[in-house]
Amino acid sequence: MKMLMEGNHAVSWGVMLSRVQVLPVYPITPQTHISEALADFVAEGRLDARYIKVESEHSAMAACIGASTANARAFTATSSQGLALMHEMLHWAAGARLPIVMANVNRAIGSPWNIWNDQSDSMSQRDTGWLQFYAEDNQECLDSIILAYMVSEAVLVPSMVVLDAFILSHTQEAVEIPEAGDVDAILPTLANPNAIDIDVPRAYSPVVAPDNFTEVKYKQYRASEDAIKTIEEAGAKFKDAFGRDYPLVSPYMMDDAKAVLVAAGAVTGTVRKAVDALRREGKKAGMLKIRTFRPFPRDRVREVLQGVPNVGVLDKSVFPGAGGPIAQEVRASLYYSGKSNGGTPRVTGFVGGLGGRDITVSDVAHAFETIMKGKGTDDPIFLGLKK
Amino acid sequence: MSVDKAGVKGTKNGPIVSPLFTPGHLACPGCGGTLALNRVLNVLGKRTVIALPACCFSIITGAFPHMPLNVNLVHTAFETAAALATGLKAGFEMTGRGDVTVMAWAGDGGTFDIGLQALSGAAERNEDIFFFCYDNEAYMNTGNQRSGATPLGSWTTTTPTGETMDKKDIMGIIAAHHIPYAATASIAHLDDLDAKVKKGEEIKGTKFIHILSACPTGWRMPSDMTIKAARLAVKSRVFPLMEIFNGERRVLNYRPEELTHVRDYLGLQGRFSHLTDGEIEEIQRRVDERWKKLVASVDEVRPADDGIEYI
Ligand code: SF4
């Protein structure tokens, strides 16, 4: 069945189809439509879940942790300041190895106040131990929720599905809705080995002294790395069931590309348009879409960017003192590729779309021209910066 | 009356020590909190899960792989006892195990201060959980810094000249949420504590029990003074034993026959040793004033479990 729906509602449908059982939610713009639709689903009896109107995002994540520890499938949604407030509990959920899934509707983070889109909120949480998936369109929003549960429950690492505020969250697109039974077939009932068995008393997240702490963290690290394989396996299963493909990274027009822009989220649509326009002019432009940001698919990125003379990265967030986060990751991935493949590409960071500023096709074309001329710098270049 | 003079040998409801809380834990000698948890677990039994925020019990229950409890224990961040308990209960309900008792076991910091927001949320939603505050009247686990529960005049490491504010009225705050059952309890009145936990067990919704848990380490007194101090807190009317039903009907469980001056209670504890006679009289004046208001507000004066004496 196809339905016209906004990205937020696509997320809610993904949650319903995943048969989530506990929904602790706290409203924040631009996430609220997710929670509202879920409230309706529960009220109408279409989703058998406990909907908990918690008093803060911090408590929302704490309640998700409780529910997941009791072996229930848990979900929450947030944005921006709310995600920042949850930060402590994100570490706690990941450290406890709980397969919680959350949607984060990307919104700028204060100060100053800004309710519009950029990716600084989720990027600030990149090191909390959560998997992060960036969606390009509303179909991907829905499908990613199901995929996230498949992956999280296999590797016992929580997942964040990330969608750009307003660009996806409030914009309607046609979305194919999977049949519930088909989803059940690839996402069976949760059986978390880290959940409470009431007859076997254990301490969950106890004090762990220096003689064991490293080992716990090593296992957590390994589980995240192993998720790369699990994401590919889940993607293959999903493709078999529904025909839609969700690889870790998607190269576009890259076979003979001389200049490639790396990007994540909805802006990849704009970059694709710019690549098409440049190709029509005979310029060899290409794009690498990053769907999985955590774990960062270093090997795949290295493989596809090998031999490309000029690489640019388009970040929708900037970390003062360090530049754009995706640019950092891409540079780090390429570090060892130098000798064997004819030189490490020069990587130039671009920062755009902050606080809801549009990124236009001509902005992107301008970025391409800069890297094609070999005019890259170590410092990020801010697109459309007013003088 | 089965509580003996020292108040630690046993009660009519059975032994002090619960098979669910075993020896070998890491509490200071004489810790009132451990006595309280023993009693609570004795009543609630095996199908209980504890939500535990940062507090003395994060340490008392031992570093991995040691665990002195025979019930499941979920450690969590300081602010989250009530929110975690909410999620646990919802998770059990949604997976067909709604009979599991979920209780939060929080110190005064995790209740009066950093944990108050989540507690308020859970109470407002009337979550079907027990929330126990074992109140040792300061942040004892980090070395005795003042909390919202620290009483007027008390020395702590962050009130080196004595606390200048009155203890936060947590029962008043809780009562304002109109939860079905709220009570105070003391480790010197174990049958009363048992009766209150039992009463809570019968009630669906949020149960809040505030237990004054004398702490020899932080209160600066010998470890064999725990019960005596807790008993004197009740007898001097500093810590009244009471119940509040639905935020409205108030019951006073104990009315001392003769007045014990707060001097006897404060004098046991090093944390009050710097107080002048004038300051002690001021504390007495405030205690009297609060007691008068309390007695005027109660609907009934009776023991929590009829037939139990409290002196
Ligand atoms: S500091 Fe006080 S409350 Fe904490 S373990 Fe020691 S005696 Fe018990």
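Conventions adopted
Residues numbered from 1 in each chain as written. Chains lettered and ligands numbered in written order. Predicted model: local features only at pLDDT ≥ 70, side-chain atom pairs only at ≥ 80, totals over all residues. Heavy atoms only, no water. Buried < 20%, exposed > 50% of the residue type's maximum accessible area, 1.4 Å probe, protein only. Helix = DSSP H or I, 4+ residues; strand = E, 2+ residues; numbered from the N terminus. Pairing = 2+ DSSP bridges. Axes fitted to C-alpha atoms, helices over the stretch in contact; angles between N-to-C directions. Parallel < 35°, antiparallel > 145°, perpendicular 65-115°, else oblique. Left-handed = near helix turned anticlockwise from the far one by under 90°. Contact = heavy atoms within 4.5 Å. Nonpolar A, V, L, I, M, F, W, Y, C, P; charged D, E, K, R; others polar. UniProt positions renumbered as here; feature names shortened; annotations may be inferred. Near = heavy atom within 4 Å. Core = buried A, V, L, I, M, F, W, Y, C linked by side-chain atoms within 4.5 Å. Phe/Tyr/Trp six-rings, centres within 6.5 Å; stacked < 30°, edge-to-face > 60°. 1 Å grid on protein atoms, 1.4 Å probe; cavity = no way out; pocket = protein on both sides within 12 Å on 5 of 7 lines; lining within 4 Å. Points joined across faces, edges and corners; volume = space filled by probe spheres on them. Buried area = accessible area lost by both parts, 1.4 Å probe. Salt bridge = Lys/Arg side-chain N within 4 Å of Asp/Glu carboxyl O. Polar contact = N/O pair within 3.5 Å; in protein donor to acceptor, adjacent residues only side chain to side chain.

A. Quick peek at the pairing of strand β2 (residues 72-75) of chain B. Because side chains alternate across β2(B), one face comprises the buried residues Asn72(B) and Val74(B), and the other comprises Leu73(B) and His75(B), equally buried. Sheet analysis places strand β9 (residues 203-204) of chain A next to β2(B), joined by 2 bridges and oriented parallel. If you follow Ala203(A) over to β2(B), its bridge partner there is Leu73(B). Pairing of strand β1 (residues 48-52) of chain B with β2(B) involves 4 bridges; the strand directions are parallel. Looking at the pairing, Leu52(B) lines up with His75(B) of β2(B).

B. Quick look at the packing of helix α1 (residues 32-44) of chain B against helix α7 (residues 190-201) of chain B. Residue and element names in this part refer to chain B. At a minimum axis separation of 9 Å, α1 and α7 run at an interaxial angle of 45 degrees. Considered as vectors, α1 and α7 are oriented oblique to each other. With respect to the hand of their crossing, α1 and α7 are arranged in right-handed fashion. Each of Leu 35, Ala 36, Arg 39, Val 40, Val 43 and Leu 44 in α1 lies in contact with α7, whose residues at this interface are Leu 190, Leu 193, Asp 194, Val 197, Lys 198 and Glu 201. When its residues are assigned to classes, the contact of α1 with α7 shows 8 nonpolar, no polar and 4 charged.

C. Highlighting the UniProt feature "domain: Thiamine pyrophosphate enzyme TPP-binding" (unreviewed entry) in chain B. Here, UniProt's "domain: Thiamine pyrophosphate enzyme TPP-binding" (unreviewed entry) annotation points to residues 72-211 of chain B. In the segment residues 72-211 of chain B, helix accounts for 33% and strand for 19%; the C-alpha atoms at its two ends are 22 Å apart.

D. Seen up close, the site of the ligand. Residue and element names in this part refer to chain B. The ligand sits among Cys 28, Cys 31, Cys 56, Ile 60, Asn 136, Met 140, Cys 215, Pro 216 and Thr 217. Residue assignment for the shell around the ligand shows that the elements contributing at least two residues are α2 (56-60) and α8 (216-219). In terms of residue class, the shell around the ligand is made up of 7 nonpolar, 2 polar and no charged.

E. Molecular detail of the nonpolar core. Counting residues in each nonpolar core, the largest one holds 146 residues, and the members touching the most others are Met61(A), Phe75(A), Leu288(A), Leu305(A), Val330(A) and Phe208(B). Broken down by element, the residue count for this core peaks at 10 residues, all from helix α6 (residues 138-155) of chain A. Residues Leu20(B), Cys56(B), Ile60(B) and Cys215(B) belong to the second largest nonpolar core, which totals 65 residues.

F. Just the packing of aromatic side chains, in detail. Residues and elements named next belong to chain B. Tallied over the entire structure, the rule returns 15 aromatic pairs over all chains. Taking 6.0 Å as the distance between ring centres and 90 degrees as the angle between the ring planes, the aromatic pair formed by Phe 78 and Tyr 139 counts as edge-to-face. Of this pair, Phe 78 sits in the loop between β2 and α3 (81-94) while Tyr 139 sits in the loop between β4 (130-135) and α6 (170-175), and the two are 61 residues apart along the sequence. Taking relative accessible area as the criterion, Phe 78 reaches 24% and is therefore assigned partly exposed. A relative accessible area of 19% places Tyr 139 in the buried class. Here Phe 131 and Phe 208 contribute two aromatic rings whose centre-to-centre distance is 5.9 Å and whose plane-to-plane angle is 25 degrees, an arrangement assigned as stacked. Within this pair, whereas Phe 131 is found in strand β4, its partner Phe 208 is found in strand β6 (residues 207-212), the two being separated by 77 residues in sequence. The burial state of Phe 131 is the same as that of Phe 208; both residues are buried. One aromatic cluster in this structure is built from Phe 21, Phe 57, Trp 105, Phe 130, Phe 132 and Tyr 134.

G. Highlighting the layout of surface pockets. Approximately 990 Å³ is the volume attributed to the largest pocket. Every element with two or more residues in the lining of the largest pocket is listed here: α3 (57-69), α4 (80-95), β9 and α8 (210-242) of chain A together with β2 of chain B. Looking at the lining of the largest pocket element by element, the count peaks at 6 residues for α8(A). Here the residues of the lining of the largest pocket sort into 15 nonpolar, 8 polar and 6 charged. Of the volumes computed, that of the second largest pocket is approximately 810 Å³. For the second largest pocket, the lining is made up of 31 residues, of which Lys167(B), Asp169(B), Val238(B), Pro240(B) and Arg290(B) are closest to its centre. Looking at the lining of the second largest pocket, the elements that each hand over two or more residues are α6, β6, α10 (262-267) and α11 (277-297) of chain B. Top element by residues in the lining of the second largest pocket is α11(B). It accounts for 9 residues. Considering only residue class, the lining of the second largest pocket consists of 16 nonpolar, 4 polar and 11 charged.

H. Structural view of the sheet that holds strand β14 (residues 310-315) of chain A. All names here are of chain A. The strand order β10-β12-β11-β14-β15-β16 describes an open sheet built from 6 strands, whose pairing is mixed. Strands at the two margins of the open sheet, each flanked by one partner only, are β10 (249-252) and β16 (381-382). Pairing geometry for strand β15 (residues 346-351) and β16, over 2 bridges, is parallel. Residue pairing for β16: Val 351 is matched across the bridge by Phe 382. Sheet strands touched by helix α10 (residues 298-305): β10, β11 (259-263), β12 (285-290) and β14. Its angle to β12, the strand with the most contacts, is close to 175 degrees. Helix α11 (residues 325-334) rests against β11, β14 and β15 of the sheet, and its axis sits at about 145 degrees to β14.

I. Structural detail: the interface of chain B and chain A. Taken residue by residue, the interface counts 38 residues in chain B and 38 residues in chain A. Around 2900 Å² of area is buried between chain B and chain A when both sides are counted, 62% of it from carbon and sulfur atoms. Linking chain B with chain A are 2 salt bridges, by the criterion used here. Measuring nitrogen to oxygen at the nearest pair gives 2.9 Å for the salt bridge that ties Arg125(B) to Glu55(A). The interface formed by chain B and chain A holds 13 residue pairs in polar contact (both at pLDDT 80 or more) in total. Elements with a minimum of two residues in the side of chain B that touches chain A: α2, β2, α3 and α5 (116-124) of chain B. It is α3(B) that provides the largest number of residues to the side of chain B that touches chain A, a total of 10 residues. Looking at the side of chain B that touches chain A residue by residue, the classes come out as 19 nonpolar, 12 polar and 7 charged.

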